[in-house]
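Structural overview
Here is how the chains run, residue by residue.
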Amino acid sequence: MKKEKILNGMNIHEQNGLLKSSLGTICDGLFHLYYQWRTSIESKNVSEPEAIAQCIIQIVVCKIRTLISLCNGVSIMPDNNSIKVVDIPSMISILRSLYEMAFVFHNIYAEQETEEERYIVLYIWEIRGLNNRQNLSNVSLPFKRKEEDEKQQIEDLKRNIERIAVSLNLSDEIKGQLSKVMASNSVDIKGYRFKKDCESNKIIAFEGYRYEAGSEALLRTDAPTYRFLSIHGHPSYLGVLQFGQLFANDTDKDFLRTILTCACKLSSTIVVDFYKNIRGADIIFSQLPETEKGIITTLHNC
């Protein structure tokens with residue numbers, strides 16, 4: 001039975017209870033997947049992309065567990081645990097962070113068609129991260145040393161990208177597009193795609209896209225989900241206004257249903273991206289308990 005039909009027969013409290021339970025099951029499956037995969041692989045045989053993928057999954061598990069915990073509400077009155085509210089703004093901030101992590105994981109591991117393309121996108125992501133600690137003022141001497149070390153890392157990463165670009169026999173135009181991205185001092189995270197000719201499969205362009213464009217792949221919807229998360233994750237007027245209206249007419253419960261639905265879809269997408277694109281993870285997924293596999297598959301397909 002499809003998820004929508006099951007939920008339609010429930011009231012809002014029952015729907016949220018089922019979604020919360022499903023999210024917990026997906027998180028259990030995600031933990032079992034990466035943990036059993038990691039214990040099956042010798043440390044010396046783990047590549048850099050695989051090690052990073054494992055770390056991302058661990059972060060995702062923490063975010064999901066925090067969301068589940070916040071479903072129980074928080075006490076806002078001193079010495080009074082009997083009155084709790086569901087902290088929707090904090091949950092949306094965590095969900096937004098989960099969306100961004102799923103976006104990065106999907107872009108690096110699921111969207112790239114070859115190992116060389118994956119490494120290029122991975123290295124660009126690393127460069128953007130290291131840029132955060134470049135050219136800062138009023139920092140201590142140890143931090144300045146770290147800045148210099150990471151400046152060298154950035155240059156090494158750029159050379160690696162250039163080497164891979166040569167091996168892919170990219171045109172001068174596409175090499176120029178790559179060089180422009182590499183040379184940027186920006187810390188903004190974007191997704192990147194290699195556009196290819198449909199007949200020859202030759203790379204004809206390298207293009208970036210922003211978080212907003214990830215909803216269809218991550219959530220199976222063209223709704224402006226990331227805009228919604230940003231409105232409520234930032235101190236916007238609209239976010240504050242709606243918080244003031246949140247606890248009337250079960251509005252908070254409607255928000256909670258949206259949060260849990262998105263979290264279920266995002267987390268199931270990450271599970272699928274991991275087992276389909278990380279060496280040996282498909283075998284581990286096939287051995288997970290049927291309940292975990294079933295809920296992950298169902299929510300990923302809805």
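Whatever comes next refers back to the structure up there.
In this numbering scheme, every chain counts its residues from 1 along its sequence in written order. Local features are withheld for residues below a pLDDT of 70 in this predicted model, meaning they are given only at 70 or higher, and side-chain atom pairs are given and counted only at 80 or more; totals for whole chains, interfaces and linings count all residues. Only hydrogens and water are set aside; all other atoms, that is, all heavy atoms of the structure, feed into the side-chain values.

At least two bridges found by DSSP between two strands is the condition for calling them paired. Secondary structure elements follow DSSP: runs of H or I of four or more residues count as helices, runs of E of two or more count as strands, with numbering from the N terminus. Pairing of strand β3 (residues 191-196) with strand β4 (residues 203-209) involves 6 bridges; the strand directions are antiparallel. Residue pairing for β4: K195 is matched across the bridge by A205.

A few words now on the packing of helix α4 (residues 88-110) against helix α11 (residues 251-277). It is at 10 Å that the axes of α4 and α11 come closest, and there the two elements cross at 20°. Regarding the angle of α4 to α11, the classification is roughly parallel. Crossing of α4 over α11 shows left-handed handedness. The residues of α11 that touch α4, namely those facing I88, M91, I92, L95, L98, Y99, A102, F105, H106, Y109 and A110, are D252, F255, L256, I259, C262, A263, L266, T269, I270, D273, F274 and N277. Here the nonpolar group is Ala, Val, Leu, Ile, Met, Phe, Trp, Tyr, Cys and Pro; Asp, Glu, Lys and Arg are the charged ones; every other residue, Gly included, is treated as polar. In terms of residue class, the contact of α4 with α11 is made up of 18 nonpolar, 3 polar and 2 charged. Here, axes are lines fitted to C-alpha atoms. For helices the fit covers the stretch in contact, and angles between N-to-C directions go from 0 to 180 degrees. Each angle receives one of four descriptions, namely roughly parallel if under 35 degrees, roughly antiparallel if over 145, roughly perpendicular if within 65 to 115, and oblique otherwise. Should the near helix be turned counterclockwise from the far one by less than a right angle, the crossing is left-handed, whereas a clockwise turn marks it as right-handed. Throughout, a contact is declared for two residues whenever any of their heavy atoms are within 4.5 Å.

What follows deals with the pattern of salt bridges. A pairing counts as a salt bridge when a side-chain nitrogen of Lys or Arg comes within 4 Å of a carboxyl oxygen of Asp or Glu. What the rule picks out here adds up to 14 salt bridges. Note that R159 and D156 form a salt bridge whose closest N and O atoms lie 2.4 Å from each other. Of this pair, R159 and D156 are both found in helix α6 (residues 141-167), 3 residues apart, which corresponds to roughly one turn of the helix. Note on exposure labels: buried denotes an accessible area under 20% of the residue type's maximum, exposed denotes more than 50%, and partly exposed covers the range between, all computed with a 1.4 Å probe on protein chains only. Taking the relative accessible area as the measure of exposure, R159 reaches 43% and is therefore partly exposed. The salt bridge partner of D250 is K253, with a shortest N-O separation of 3.4 Å. Counted as one network, the salt bridges with shared partners bring together E113, E117 and K196.

Attention now moves to the environment of A165. Inspection of the secondary structure assignment puts A165 in helix α6. Assessed through its relative accessible area of 4%, A165 is described here as buried. Spatially, the C-alpha atom of A165 lies 34 Å from that of P224, the residues being 59 residues apart in sequence. With near-sequence residues (within four places) excluded, A165 lies in contact with L170, K175 and L178.

Another aspect to go through is α11. Here α11 contains 27 residues, and its C-alpha end-to-end distance of 39 Å stays within 8% of the 39 Å for a straight helix at 1.5 Å per residue. In terms of burial, α11 is a largely internal element, 20 of the 27 residues being buried. An expected span of 1.5 Å times one less than the residue number is assigned to each helix.

Now for the side chain of T225. Structurally, the position occupied by T225 is in helix α9 (residues 225-233). If sequence neighbours within four positions are ignored, T225 has contacts with S215, L219 and C262.

With that settled, consider the nonpolar core. To define a nonpolar core, start from buried Ala, Val, Leu, Ile, Met, Phe, Trp, Tyr and Cys residues and group those joined through side-chain atoms within 4.5 Å. By size, the foremost hydrophobic cluster in this structure holds 86 residues, and its most contacted members are L98 and F274. It is α4 that contributes the most residues to this core, 14 residues altogether. Each residue touching F274, except ones within four places of it in the same chain, is listed here: L33, Y34, W37, A53, I57, F105 and A281.

The aromatic pairing rule takes the rings of Phe, Tyr and Trp, using the six-membered ring of Trp, and pairs them if the centres are within 6.5 Å, calling planes under 30 degrees apart stacked, those over 60 edge-to-face and the rest tilted. This model, assessed by the stated rule, comprises 14 aromatic pairs. Where Y275 meets F285, the ring centres are 4.0 Å apart and the plane angle is 10°; that geometry is what we call stacked. On the criterion of sequence distance, the pair formed by Y275 in helix α11 and F285 in helix α12 (residues 281-286) is long-range, its members being 10 residues apart. On the basis of relative accessible area, Y275 is assigned to the buried category, the value being 18%. An aromatic cluster is defined as three or more aromatic residues linked by ring pairs; in this entry it consists of Y99, F103, Y209, Y211 and Y226. Should the NZ of a Lys or the CZ of an Arg lie within 6 Å of a ring centre and within 35 degrees of the ring normal, that charge is described as sitting over the ring. Above the plane of the ring of Y209 lies R193, whose end atom (NZ or CZ) is 3.6 Å from the centre.

Residues in a regular strand point their side chains to alternate faces of the sheet. Where strand β1 (residues 74-77) lies against strand β2 (residues 80-85), 3 bridges are found, and the strand directions are antiparallel. Looking at β2, one finds that M77 is bridged to N80.

The subject of this paragraph is unusual backbone geometry. Even without being a glycine, N135 presents a positive backbone phi close to 60°. One can find N135 in the loop between α5 (115-130) and α6. A residue is classified by how much of its surface remains accessible, and N135, at 65% relative accessible area, is exposed. Positive phi, normally seen in glycine, also occurs at N138, with a value near 55°. If you trace the backbone, N138 turns up in the loop between α5 and α6.

Each patch is built from residues that are more than 30% exposed by relative accessible area and take part in no salt bridge. Like charges join if they lie within 9 Å; nonpolar side chains (Val, Leu, Ile, Met, Phe, Trp, Tyr) join within 5 Å. Throughout, the Shrake-Rupley method with a 1.4 Å probe supplies accessible areas, and for residues the shown protein chains are the sole cover considered. Nonpolar side chains collect at one region of the surface, where I76, M77 and I83 lie side by side and expose about 280 Å² of accessible area between them. Within the secondary structure layout, M77 lies in strand β1.

Here L170 shows up in the loop between α6 and α7 (172-183). The exposure class assigned to L170 is buried, which follows from its relative accessible area of 6%. Placed 71 residues apart in sequence, L170 and L241 show a C-alpha to C-alpha distance of 51 Å.

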